[in-house]
Amino acid sequence: LGLLRWYGLMYIFAFGTAYFILSKLRKEGELDSPGQTTTDDDLFSFFGFGVLFLLLGARIFSALVYDTSGLYRQKPWLIFWPFNEAGQFTGLAGMSFHGGVIGGLLGMVIWCLTHKRPLWKWIDAMAVAIPLGYTFGRIGNFLNGELYGRITTMPWGVVFPDAEKFSSSLPWVKEIAAKIGMNISNMSLVNLPRHPSQLYEAFFEGIVFWAIIWLCIKHKKFDGTLACIYTGCYGIFRFIIEYFREPDADIG
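Reading the values: the criteria
- Residues numbered from 1 in each chain as written.
- Predicted model: local features only at pLDDT ≥ 70, side-chain atom pairs only at ≥ 80, totals over all residues.
- Heavy atoms only, no water.
- Helix = DSSP H or I, 4+ residues; strand = E, 2+ residues; numbered from the N terminus.
- Contact = heavy atoms within 4.5 Å.
- Axes fitted to C-alpha atoms, helices over the stretch in contact; angles between N-to-C directions.
- Parallel < 35°, antiparallel > 145°, perpendicular 65-115°, else oblique.
- Left-handed = near helix turned anticlockwise from the far one by under 90°.
- Nonpolar A, V, L, I, M, F, W, Y, C, P; charged D, E, K, R; others polar.
- Core = buried A, V, L, I, M, F, W, Y, C linked by side-chain atoms within 4.5 Å.
- Buried < 20%, exposed > 50% of the residue type's maximum accessible area, 1.4 Å probe, protein only.
- Salt bridge = Lys/Arg side-chain N within 4 Å of Asp/Glu carboxyl O.

## Description of the side chain of Thr135
Point 1. For Thr135, the position within the fold is in helix α5 (residues 119-144).
Point 2. Residues within four places of Thr135 in sequence aside, it is in contact with Ala202, Gly206 and Ile207.

## Comments concerning the packing of helix α7 (residues 197-216) against helix α8 (residues 225-241)
Point 1. Orientation of α7 relative to α8, taken along the N-to-C sense of each, is 155°, at an axis distance of 10 Å. Viewed along their axes, α7 and α8 adopt a mutual orientation that is roughly antiparallel. Considering the relative orientation of α7 and α8, their crossing is right-handed. Where α7 abuts α8, its residues Ser197, Tyr200, Glu201, Phe204, Glu205, Val208, Phe209, Ile212, Ile213 and Cys216 lie against Leu226, Ile229, Tyr230, Cys233, Tyr234, Phe237, Arg238 and Ile241.
Point 2. Residues of the contact of α7 with α8, tallied by class, amount to 14 nonpolar, one polar and three charged.

## As for the nonpolar core
Point 1. By size, the foremost hydrophobic cluster in this structure holds 28 residues, and its most contacted members are Leu22, Phe46, Val128 and Phe209.
Point 2. When contributions to this core are tallied by element, the ones reaching two or more residues are α1 (6-27), α2 (40-66), α4 (97-114), α5, α7 and α8.
Point 3. Looking at this core, the element that brings in the most residues is α5, giving eight residues.
Point 4. Once you skip the residues sitting within four places of it in the chain, Phe209 turns out to touch Pro131, Phe204, Ile229, Tyr230, Cys233, Tyr234 and Phe237.
Point 5. Among the nonpolar cores identified, the runner-up in size contains seven residues, and Val173, Ile176, Ala177 and Val190 belong to it.

## Re the pattern of salt bridges
Two side chains with opposite charge may pair up if their charged atoms get near one another.
Point 1. Applying the stated criterion across every chain, the model contains 13 salt bridges.
Point 2. Here Glu201 makes a salt bridge to Arg138, at a shortest N to O gap of 3.3 Å. In this pair, Glu201 is assigned in helix α7 and Arg138 in helix α5, connecting sequence segments 63 residues apart. Each member of the pair, Glu201 as well as Arg138, carries the same accessibility label: buried.

## Topic: the side chain of Ser96
Point 1. Inspection of the secondary structure assignment puts Ser96 in the loop between α3 (71-74) and α4.
Point 2. Ser96 sits in the buried class, given a relative accessible area of 5%.
Point 3. Among all residues touching Ser96, those that are not within four sequence positions of it are Ala58, Phe61, Ser62 and Tyr66.

## Some details on the environment of Leu106
Point 1. The topology assignment puts Leu106 in helix α4.
Point 2. Here Leu106 falls in the partly exposed class, since its relative accessible area comes to 45%.

Below you can see the structure in the form of structure tokens.
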């Protein structure tokens, strides 16, 4: 696993899970329309097209929107360059969920229009398939020790190696250490436990989210219903969990 990072491995699991769910929906006739029976080739073509645009959108959005150094604006060819300045392989470090949604949606729209398939029916199917895949992505963030949460005194708090450390002389640091029974007498800098917000997201925005949409499949009133539920539920879950997540350093 030298060059294969956890997040990259989780991408494989995520796409595999999403394709499995789409395949199940196809077998149940959820993607068929009058006069059109969906084949395995149709499904693979749709999924591949969507994934390609998802990756492009996620990477471009991350490089041009979230990167505050301006490097990629000055040297846009580095957006898809998987090596650092020292020539070491780093992969495509940095992917944006929002960019992935925009890119993936664009890919699905283009595919459905060019293949003359009912757009909202297919987008509904993708709305069912995505959440469980998202679970693996957040587990990858947790294993990489990134996108961690705020400092907490909860018993399930996790110490992330790369998190910001604080001086042990600070009163609030001493107070938190005392609450959790942490001995900091021999420390100059302290790495305090934090909310594993990645796992919160993996559970609520992944498993719970998927279960809600799955239960709504047979009860939807019109094509596009599941896409609306996806958008609403994700916004609600993400809004709540953001209160447990450490803000990005560049936001201030």
